[in-house]
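Below are the chains, spelled out letter by letter.
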Amino acid sequence: MAKGKKKRKLKKPYRILRGIYMVIVVIAALIVLGYAVYKIAIPEPEMSPDPAGSSSAVQASTPGMEDGAHQRKEQTYTFLLAVPDQESGNADGIMVVTYDVPNQKVGLLSIPRDTLVMKKNPKINSSMKAGIDNLEEVVSDLVGFPIDYYITLDLDAFIEIVDAVGGVDFDVPVEMYYDDPAQDLHIHYQPGMQHLNGQQAMEVCRFRHNADGTGYPLGDVQRAETAQKMMLTIAKKVMSVDSLVNINEFVGIVERNIETDLKGTDIAWFAAKALGLNLSTGVSSDTLPGDGNVTYRGTSYCYELYPEDSLELINKLVNPYTSALTLEDVNIFQAP
């Protein structure tokens, strides 16, 4: 696992917001920040009659090329995306991302926040209480490979980013009817394609169930799928803005809300590479499967992963090695 890197803190104090939709903002904000830094910090090289006088792209090292019996794929990087809840100290959204630069492939794997781990507090989201480095270690242990970089984010950016691109068109998957006056939360949507502003997009992603208990038949698994689809919808809209004339606005949004150990040159390099990424064909996503009704040591509603199915998804989406991981490589804890 890459350690010892100087942390680049860009984030102001968190505000209290909850929900799986937090994962969406991390991806959208990273795309915006990377594109912005690329445009500002690395201008297009000037033409020169002498080829030796032209600039070359910043080269980034690949941490952990060798790790035990496995070898890292060249220029294939791993990231932890998380959003903490300032009130509880837990992580409200956790995702592992692997970016295969040469093949322009990105894999996104959501880890349900109640995932069972072999810790004093058995839900993985509580690992955030000891800091992002601790959560990074727990996630790395679970998936069986080192995490190169982390990104955490405040949810204020979500509404601002969506509004900055003029809203998004999104196919709402189910009827949504829920009111929580205590949170000033009122979610009223019919299923189908509709145009959503930032507040509305946040509400769609925050939705868990209707007042009568109906909603997603598979609960948080389908909720995570909605979050992933929204994430890609927002990312495509961000990347489709022709001139990004409001680039200073984008930079301000993400700088106020992001904390990462990526250096500015790292972000610029990834941004330059990501400009060639086809978001329709180059991005795959899924959620680790399991049973969310497990009780362990008095803690109810733990999400116990299905080992074989989870391993299959880890290898399919985020394994950064040239060879497949095995059940001996990962640490998918099962309640005795």
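Structure's up top.
The sections below set out a description of the structure shown in this document. All of these numbers come straight from a predicted model, not from anything done at the bench. (Residues numbered from 1 in each chain as written. Predicted model: local features only at pLDDT ≥ 70, side-chain atom pairs only at ≥ 80, totals over all residues. Heavy atoms only, no water.)

1. Details of the overall build of the chain
Scanning the chain from terminus to terminus reveals 8 helices and 15 strands. The buried share among the 336 residues of the chain stands at 51%. (Helix = DSSP H or I, 4+ residues; strand = E, 2+ residues; numbered from the N terminus. Buried < 20%, exposed > 50% of the residue type's maximum accessible area, 1.4 Å probe, protein only.)

2. A short note on the pairing of strand 7 (residues 149–153)
With 5 of its 5 residues buried, strand 7 lies for the most part within the structure. With 4 bridges joining them, strand 4 (residues 76–84) and strand 7 adopt parallel strand pairing. Bridge assignment links L81 to a residue of strand 7, and that residue is I151. Here strand 7 runs beside strand 12 (residues 258–260); their pairing, made up of 3 bridges, is antiparallel. Opposite L153, over in strand 12, you have I258 as the bridge partner. (Pairing = 2+ DSSP bridges.)

3. A word on unusual backbone geometry
One non-glycine residue, R297, adopts positive backbone phi at about 50°. Inspection of the secondary structure assignment puts R297 in the loop between strand 14 (290–296) and strand 15 (299–305). Despite not being glycine, Y301 shows a phi value in the positive range, around 55°. Structurally, Y301 can be placed in strand 15.

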